[in-house]
Amino acid sequence: MTIERTLSIIKPDATRRDLTGRINARFEEAGLKIVAQKRLRLTLEQAKAFYAVHAERAFYEDLCSYMCSGPIVVQVLEGENAIAQNREIMGATNPANADAGTIRAEFGESVEANSVHGSDASDTAVQEIAFFFSQIEIIP
Ligand code: UDP
Ligand code: MG
């Protein structure tokens, strides 16, 4: 049994449609605890830094301006195999390919505006959590 933490972001398309509560219910129903959470709006500089790993991709500029287009909710989810479990709850990157019942299948608007972000590995989870939260903001 491995208790992990992962960074989750509820993206601007989802906050615009007031889906924060419904998305959070998915996490909690699956046994993932929301141990930190805040709502904020990214600057372009912050979005570019967060997604720096994708800097060479054709979608990078668009993605960064989309992520600044409205409020986001950043959160730390904690639970057994939280990183992989959250990726399963989220569904595939492109909502058109996401399994039925996943957040992206139900709520995603497009491959870009796909409602949620989740860390993809333990090293990126540590990095991404530290990008948004200090230790004293994470309350298990
Ligand atoms: N994205 C996009 N076009 C693409 C692929 C990805 O706009 O062709 C966006 C999408 O919002 C995605 C984010 O870039 O969530 C990061 O891409 P990644 O491949 O890391 O997908 P994820 O890990 O979010 O499933
Ligand atoms: Mg990713």
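So, here's what we can say about the structure. Just so we're clear, the structure is a prediction, and the values are computed from it rather than from any experiment. (Residues numbered from 1 in each chain as written. Chains lettered and ligands numbered in written order. Predicted model: local features only at pLDDT ≥ 70, side-chain atom pairs only at ≥ 80, totals over all residues. Heavy atoms only, no water.)

### Topic: the packing of aromatic side chains
Which entries qualify depends on this criterion: Between rings of Phe, Tyr and Trp, where Trp is taken as its six-membered ring, a pair exists when centres lie within 6.5 Å; planes separated by under 30 degrees are stacked, by over 60 edge-to-face, and by other angles tilted. Numbering of helices and strands starts at the N terminus; helices are DSSP runs of H or I of at least 4 residues and strands are runs of E of at least 2. A simple rule labels every residue: compare its accessible area, found with a 1.4 Å probe on the protein chains alone, to the largest value its type can have, and call it buried under 20%, exposed over 50%, or partly exposed in between.
In this structure the tally under the stated criterion is four aromatic pairs. Ring geometry for phenylalanine 50 and phenylalanine 131: centres 5.5 Å apart, planes at 65°, overall edge-to-face. With phenylalanine 50 in helix H3 (residues 44-50) and phenylalanine 131 in helix H7 (residues 122-132), the pair connects residues that are 81 residues apart, well separated along the chain. By relative accessible area, phenylalanine 131 is classed as partly exposed at 36%. An angle of 50° between the planes, with centres 5.5 Å apart, marks the rings of phenylalanine 50 and phenylalanine 132 as tilted.

### Considerations on helix H4 (residues 60-67)
Note the following rule: Working definition: the arc comes from the directions between the helix axis and the C-beta atoms, pointing outward to the latter. We call two residues in contact whenever any of their non-hydrogen atoms come within 4.5 Å of each other.
All of the buried residues along H4 are Tyr60, Leu63, Cys64, Tyr66 and Met67. Buried residues in H4, looked at end-on, bunch into an arc of 160°, giving them a common side. Buried residues belonging to H4 abut strand E1 (3-10), helix H1 (12-16), H3 and strand E3 (72-80).

### So, the side chain of threonine 102
Relative to the helices and strands, threonine 102 is located in the loop between helix H5 (82-90) and helix H6 (103-107). Apart from the residues lying within four places of it in its own chain, the contact partners of threonine 102 are Arg26, Glu88, Ile89, Met90 and Gly91.

### Observations concerning H7
For H7, the set of buried residues is Thr124, Ala125, Glu128, Ile129 and Phe132. The buried residues of H7 occupy one face: seen down the axis, they fall within an arc of 130°. In H7, the exposed positions angled more than 90 degrees off the buried face are occupied by Asp123, Val126, Gln127 and Ala130. Structurally, H7 contributes buried residues whose contacts are with E1, strand E2 (33-40), H3, E3, H5 and strand E4 (116-118).

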